[in-house]
Amino acid sequence: MPLAVLAPGGAASTALYIVAFSLFIIGIKRGTHPTTAKQGNLIAAVGMGVAVITTLLLDGIGNWGVLFGALIVGSAIGVVASVRVQMTDMPQMVALYNGVGGGAVALIAWAEFRHELSLGETIPLDLLIPGLLSAVVGSVSFWGSNIAFGKLQGIIPGQPIKVFGQQVINALLLVGVIAACVILAINNDAPSEWVFIGVLIASAILGVLVVLPIGGADMPVVISLLNAFTGLAAASAGFALDNVALIVAGTIVGSSGTILTLEMATAMNRSVGHILFAGFGGAPAASQGSTEERPVTSVNAQDAAIKMAYADSVVIVPGYGMAVAQAQHSVKEMADELEKRGVTVDYAIHPVAGRMPGHMNVLLAEADVPYEKLKEMEEINPEMPRTDVALIIGANDVTNPAAKNDPDSPIAGMPIIEVDQAQQVIVIKRSLSPGFAGIDNDLFYAENTSMLFDDAKQAAADIAAEVQNL
Amino acid sequence: MSLMTEITIFVLAAFVGFEVISKVPTTLHTPLMSQTNAIHGIVMLGGLIVVGYANDPLEYVIGAIAIAFGAINIVGGFMVTDRMLGMFTRKPKPKADEPPDSADGGGSS
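What you are looking at is a predicted structure, and each value in this text was computed from that prediction instead of being measured.

Analysis parameters
- Here the residue numbers are simple positions, counted from 1 along each chain's written sequence.
- Think of it this way: whatever chain is written first is A, whatever ligand is written first is 1, and the rest follow in order.
- Selection of residues for local features in this predicted model requires a pLDDT of at least 70, selection of side-chain atom pairs for listing and counting requires 80 or more, and totals for whole chains, interfaces and linings are taken over all residues.
- Values reported for side chains reflect all heavy atoms of the structure, with hydrogen atoms and water molecules removed beforehand.
- Pairing between strands is defined by DSSP: at least two bridges between them are needed.
- Numbered from the N terminus, helices here are DSSP runs of H or I no shorter than four residues, and strands are runs of E no shorter than two.
- Angles run from 0 to 180 degrees between N-to-C directions of axes, and those axes are lines fitted to C-alpha atoms, restricted for helices to the stretch in contact.
- Residue burial is assigned from relative accessible area. The probe radius is 1.4 Å, only protein chains are included, and a residue is buried under 20% of its type maximum, exposed over 50%, and partly exposed in between.
- Note: domain ranges come from an automatic or database domain assignment.
- Any two residues whose heavy atoms approach within 4.5 Å are treated as being in contact.
- The term buried area means the drop in 1.4 Å probe accessible area that two parts suffer when joined, counted for both and summed.
- Salt-bridge detection follows one rule: a side-chain nitrogen of Lys or Arg within 4 Å of a carboxyl oxygen of Asp or Glu.
- Polar contacts here mean pairs of N or O atoms no more than 3.5 Å apart (in protein, one a potential hydrogen donor and the other a potential acceptor; neighbouring residues in sequence count only if both atoms are side-chain atoms).
- Ten residues, namely Ala, Val, Leu, Ile, Met, Phe, Trp, Tyr, Cys and Pro, are considered nonpolar, four, namely Asp, Glu, Lys and Arg, are considered charged, and the remaining ones, Gly among them, are considered polar.
- Here, nonpolar core means buried Ala, Val, Leu, Ile, Met, Phe, Trp, Tyr and Cys residues that are tied together by side-chain atoms lying within 4.5 Å of each other.
- Note on aromatic pairs: the rings of Phe, Tyr and Trp (six-membered ring only in Trp) are paired at centre separations within 6.5 Å, and the planes decide the class, stacked below 30 degrees, edge-to-face beyond 60, tilted for the rest.
- Geometrically, a lysine NZ or arginine CZ counts as sitting over a ring once it is within 6 Å of the ring centre and also within 35 degrees of the ring normal.
- Here the word oblique covers every angle except those under 35 degrees (roughly parallel), over 145 (roughly antiparallel) and from 65 to 115 (roughly perpendicular).
- Crossing handedness follows the turn of the near helix against the far one: under a right angle anticlockwise gives a left-handed crossing, and clockwise gives a right-handed one.
- Grid spacing is 1 Å over the protein atoms alone, the probe is 1.4 Å, and a cavity is where that probe fits but cannot get out, while a pocket is an open set with protein on both sides within 12 Å along at least five of seven lines and lining residues have an atom within 4 Å of a point.
- Grid points are joined across faces, edges and corners, and a volume is the space filled by probe spheres set on the points.

Draft legend 1. How the structure looks around the sheet that holds strand S5 (residues 424–429) of chain A. Residues and elements named next belong to chain A. Spatially, six strands are ordered S3-S2-S1-S4-S5-S6 in an open sheet, and the strand pairing comes out parallel. The open sheet has two edge strands with one neighbour each: strand S3 (374–376) and strand S6 (449–453). Within the sheet, the average angular offset between the axes of one strand and its neighbour, ignoring direction, is 25 degrees. In this structure, S5 lies alongside S6, joined through five bridges in parallel fashion. Paired with Val427 across the two strands is Met451, which belongs to S6.

Encoded structure:
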């Protein structure tokens, strides 16, 4: 098949790029409504196909072996990873994808820099400066996302890791990166590649150090922010490569990602600045020791089954523990058993329960829980005092009354599901260990709280069996 | 394209981005983040251009890794988003009661 050939920057290729980014805009717009979101994602994917094919048809593009080899390898990894990933591991998957995107930007900036160097002429600043910007932001995003992935995957401890004088080190690194970029720009007739590599490395360290001190509970917001960063880095690469599709798509991701980040932070009642620099969860780690020995009420599955089977209303509050234990199907079966006995069962979904907004909705939808039963926080909280039993399955921080009662708590002001208002509280949890924010939960020691220490899936299955036997 | 034209496009695109994301329900935060995440994989085009015109071994290597990374970002990003959204076959508000038509019947026996 003879390849049509498009002139780079010519009318035909530009027109196709315009088609591509229009599809992106339509896709994102549709993504903001539940009914059209799936279709929106497809539209955006088609736009991406148009953009890629257009680029492959550009005049003078060659080296097909390397090109297609890399394309096929990357696509295959993408397909396998996204098919295999468990719904529970979605958050870290997104972090990883975001990371490789950032890595791609940084590498492209480096290759383009080498290309410019090889021409042996003065590099124009309107190419060099955007190139440097995309190198720095891409590198920060790559390493920051990898750390976020590590934290969510449990490779790196989720608790904030603090290094003495961190803010100062970060500030020095940032100043160093900017200074090196200025040096490169001043010597744009013959810039040193080693200084460029130094910029990449310093940015990498900066990315690692900025994300390490952030607690796991805040990771969704961090990933969203890094997502916006990668978008801007891509836009910047578009300036360096004179490519309109990159500029528009990157910028749209940058700005929509910024808004999305702000909305997510608002849902957690925190500011982005606070999340990035406050070292969430650091302070109370010290006070943890003093609260270890408080008495708790422990129950078994049978007691829990009796309490719920004779209740009028039960509200299930799921959290990350349910996701980890893959317990959603058992939970659904348990709820079915309770409903057979005439108990009203609802689910209270905290906006950031799990590791990402919407995490619980996805899992429970997978288990065929009707959507009408998933109540949002604002909807369920007024019902709480009338609720007989609140059953917490692997949730912790989002139920911690300290958010309301203790102004010194690091989660102070975060909206919570007010389970402490319910008549009785049953908590299914493997141990008393603190949640991702790394803080103790007073709820576990409250008088009307019983703890059922078990794996969420096992516990739900046991309770279902006990209810059946009653 | 002149720098000023590019900056004009940049600023307008930034406003478009702000404009399209308006009051998203929290349930859709994750899929939407995932979708925009896939879209910035467009930077792979840069990799295609770099490798397509490359003439130095290291450029090949760097560019090829960049393309592979970009392809993971694009393909994985869109597919994961699709899987996530596939879970939302029913509407988030009790507006309509579509019969559950998903193939993954799960454990509802």
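More follows now that the structure is in view.
Draft legend 2. Spotlight on unusual backbone geometry. All names here are of chain A. Look at Gln326: it is not a glycine, yet its phi comes out positive at around 55 degrees. Inspection of the secondary structure puts Gln326 in the loop between helix H12 (320–324) and helix H13 (328–340). By relative accessible area, Gln326 is classed as partly exposed at 25%. In this model, Asp368 sits at a positive phi of 70 degrees, which is unusual for a non-glycine residue. Structurally, Asp368 is set in the loop between helix H14 (359–366) and S3.

Draft legend 3. How the structure looks around the domain arrangement of chain A. Residue and element names in this part refer to chain A. Annotation of chain A at the domain level lists domain 1 (85–278) and domain 2 (287–469). Each of domain 1 and domain 2 has a C-alpha centre, and these two points are 37 Å apart. The interface of domain 1 with domain 2 comprises 17 residues on the first partner and 20 residues on the second. For the pair domain 1 and domain 2, the summed buried surface comes to about 1,600 Å²; carbon and sulfur atoms form 69% of the total. On the domain 1 side of the contact with domain 2, Met87, Thr88 and Met268 bury the most area, a combined 30% of that side's loss.

Draft legend 4. Representation of the environment of Leu85 of chain B. Counting through the fold element by element, Leu85 of chain B comes out in helix H4 (residues 57–86). Residue Leu85 of chain B is classed as buried on the basis of its relative accessible area, which comes to 5%. Taking C-alpha positions, Leu85 of chain B is 35 Å from Gly52 of chain B, a pair spaced 33 residues apart along the chain. With sequence-adjacent residues up to four places away left out, Leu85 of chain B is seen in contact with Ala37, Lys38 and Asn41 of chain A together with Leu28 and Pro31 of chain B.

Draft legend 5. Broad picture of the interface of chain B and chain A. With 89 residues of chain B at the interface, the matching set in chain A holds 108 residues. Across the interface of chain B and chain A, roughly 9,000 Å² is buried in total on both sides, 73% from carbon and sulfur atoms. Inspection of the chain B/chain A interface yields two salt bridges. At the boundary of chain B with chain A, the tally comes to 23 residue pairs in polar contact (both at pLDDT 80 or more). Ranked by the residues each element gives to the side of chain B that touches chain A, the list is headed by H4 of chain B, at 27 residues. Its residues assigned to classes, the side of chain B that touches chain A comprises 50 nonpolar, 27 polar and 12 charged.

Draft legend 6. Focus on the nonpolar core. Residue and element names in this part refer to chain A. Membership of the largest hydrophobic core comes to 184 residues, with the highest contact counts inside it found for Ile316, Met334 and Ile463. Per-element tally for this core: the top contributor is helix H4 (residues 90–118), with 15 residues. Shared between two domains, this core holds at least three residues of each, these being domain 1 (85–278) and domain 2 (287–469). Setting aside its immediate chain neighbours within four residues, Ile316 contacts Val331, Met334, Ala335, Val345, Asp346, Tyr347, Ala348, Leu391 and Ile393.

Draft legend 7. Representation of the side chain of Ser236 of chain A. All names here are of chain A. Mapped onto the elements, Ser236 comes out in helix H8 (residues 219–241). On the basis of relative accessibility, which here comes to 5%, the residue Ser236 falls in the buried class. Apart from the residues within four sequence positions on either side, Ser236 is in contact with Pro130, Leu133 and Ser134.

Draft legend 8. Molecular detail of the side chain of Asn188 of chain A. Residue and element names in this part refer to chain A. Looking at where Asn188 falls in the secondary structure, it is placed in the loop between helix H6 (166–186) and helix H7 (193–211). Under the relative-accessibility criterion, Asn188 is labelled buried at 14%. If sequence neighbours within four positions are ignored, Asn188 has contacts with Glu121, Thr122, Ile123, Leu125 and Leu128.

Draft legend 9. Focus on the packing of aromatic side chains. All names here are of chain A. Throughout the structure, instances matching the rule amount to five aromatic pairs over all chains. Aromatic side chains Phe142 and Trp143 sit 5.1 Å apart centroid to centroid with 75 degrees between the ring planes, which places their arrangement in the edge-to-face category. Take Phe142: its relative accessible area is 17%, and that puts it in the buried class. Stacked on the ring of Tyr310, the Lys or Arg Arg341 has its end atom at 5.4 Å from the ring centre.

Draft legend 10. Representation of the packing of H8 of chain A against helix H2 (residues 29–39) of chain B in the model. Interaxial distance between H8 of chain A and H2 of chain B falls to 10 Å at its minimum, and their mutual angle equals 30 degrees. It follows from the interaxial angle that H8 of chain A and H2 of chain B lie roughly parallel. Judged by the twist between their axes, the crossing of H8 of chain A over H2 of chain B is left-handed. Here H8 of chain A contributes Pro220, Ile223, Ser224 and Asn227 of chain A to the contact with H2 of chain B, which in turn contributes Met33, Thr36 and Asn37 of chain B. Looking at the contact of H8 of chain A with H2 of chain B residue by residue, the class counts come to three nonpolar, four polar and no charged.

Draft legend 11. Representation of the pairing of strand S1 (residues 313–318) of chain A. All names here are of chain A. Counting buried residues in S1 gives six out of six residues, a clear majority hidden from the surface. Neither face of S1 is open: one carries Ser313, Val315 and Val317, the other Val314, Ile316 and Pro318, and all of them are buried. Across four bridges, S1 lies against strand S2 (residues 344–349) in parallel orientation. Opposite Val315, over in S2, you have Asp346 as the bridge partner.

Draft legend 12. Summary view of empty space enclosed by the protein. What the rule picks out here adds up to three cavities of 30 Å³ or more. What the largest cavity holds in volume is close to 110 Å³. The wall of the largest cavity is formed by 15 residues, among which Ala109, Glu112, Phe113, Leu127 and Gly131 of chain A lie closest to the centre. When contributions to the lining of the largest cavity are tallied by element, the ones reaching two or more residues are H4, helix H5 (125–153) and H8 of chain A. Size it by volume and the second largest cavity reaches roughly 70 Å³. Contributing elements (two or more residues each) for the lining of the second largest cavity: H4 and H14 of chain A together with H2 of chain B. Per-class residue counts for the lining of the second largest cavity are eight nonpolar, four polar and no charged.

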